[in-house]
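# An overview of the molecular structure
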Amino acid sequence: AGAMSAEPVRLAADADTEDTMYQAGAHGVTGLLMGGAYGALASAFSGREVTLAASAPGAPSAATFTAQLMARRAGLFGATLAVYGGARASLLNSRGVRDPFNPAAAGAIAGATCGALAHRSLPAAVTLSAAFAVAAAVSEMGQSPDYLVHVGEIAPLPKRSAEEEDE
């Protein structure tokens, strides 16, 4: 019978993929979808404002208001999560260590971006930076219960050979 190939099976990229552009794109698309959904929900629950806004002469319709709110939220969420994904992958690649610092620092950068884009104020950027940093680190720790216990024992990532980088 035929001999089976000993070549390893290539799996699709996942959350630990070190490709910065992949991470930024994947997080950005996720953010666009989440932001659009949040904008639609926010519009649905702000019925009084939509009705009042639509009743004014020359005002946009309720559907236009909803679309504008969805677009605003999608852009903000998409940009914030794209920055987070890119920063996290960049830190992982540059430091070569997978530890709580990478998501915390990436969360701080993304939070500052969100604060700057949404509120255009330094206090909002600093506050969101701290909140995102804590949330990202806690989220990362939730993936592995012993993440903090063994943080001093984390080994550097294995270096990729020239053959792997050419593929």
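Described in the following lines is the structure provided in the data block. (Residues numbered from 1 in each chain as written. Predicted model: local features only at pLDDT ≥ 70, side-chain atom pairs only at ≥ 80, totals over all residues. Heavy atoms only, no water.)

### What to know about the overall build of the chain
Where we set the bar: Put simply, DSSP marks the helices as runs of H or I at least four residues long and the strands as runs of E at least two long, and each gets a number from the N terminus on. Buried, partly exposed and exposed residues are distinguished by accessible area as a fraction of the type maximum, computed with a 1.4 Å probe on protein chains only: under 20%, between the cut-offs, and over 50%, respectively. Working rule for contacts: check all heavy atoms of both residues, and any pair within 4.5 Å makes them a contact. Note on areas: Shrake-Rupley with a 1.4 Å probe; residue coverage comes only from the protein chains shown.
The secondary structure content of the chain amounts to six helices and zero strands. Going through the 167 residues of the chain one by one, you find that 28% of them count as buried. Summarising the internal contacts of the chain: among those between residues at least 6 apart in sequence, 64% fall at separations of at least 24. Taken as a whole, the chain presents about 10,700 Å² of accessible surface, with 65% of it coming from carbon and sulfur.

### Things to note about the packing of aromatic side chains
We apply this condition: Aromatic contacts are taken between Phe, Tyr and Trp rings whose centres are within 6.5 Å, Trp giving its six-membered ring; a plane angle under 30 degrees counts as stacked, one over 60 as edge-to-face, and the others as tilted.
Per the stated rule, a full pass over the model turns up one aromatic pair. Consider the rings of Tyr38 and Phe77, whose centres lie 5.6 Å apart with planes at 20°: the pair is stacked. Here Phe77 lies in helix α3 (residues 62-95) and Tyr38 lies in helix α1 (residues 20-44), a separation of 39 residues in the sequence. Taking relative accessible area as the criterion, Phe77 reaches 25% and is therefore assigned partly exposed.

### A closer look at the side chain of Thr80
Position of Thr80 relative to the elements: it lies in helix α3. Not counting residues up to four positions away in its chain, the partners in contact with Thr80 are Ala110, Cys114 and Phe132.

### What to know about unusual backbone geometry
For Arg120, which is not glycine, the phi torsion reads 50° and is therefore positive. Within the secondary structure, Arg120 sits in the loop between α4 (101-118) and α5 (122-142).

### Overview of the packing of α3 against α4
Under the convention used in this document: Only the stretch in contact is used when fitting a helix axis, every axis being a line fitted to C-alpha atoms; angles between N-to-C directions are given from 0 to 180 degrees. Orientation is classified from the angle alone, with under 35 degrees giving roughly parallel, over 145 giving roughly antiparallel, 65 to 115 giving roughly perpendicular, and any other angle giving oblique. Note: crossing handedness is left-handed where the near helix turns anticlockwise from the far helix by less than a right angle, and right-handed where it turns clockwise.
At a closest axis distance of 8 Å, the pairing of α3 and α4 adopts a crossing angle of 150°. Here α3 is positioned roughly antiparallel relative to α4, judged by the angle of their axes. α3 and α4 meet at a crossing whose hand is right-handed. Here α3 contributes Leu76, Ala79, Thr80, Val83, Tyr84, Ala87, Arg88, Leu91, Leu92 and Arg95 to the contact with α4, which in turn contributes Phe101, Asn102, Pro103, Ala105, Ala106, Gly107, Ile109, Ala110, Thr113, Cys114, Leu117 and Ala118.

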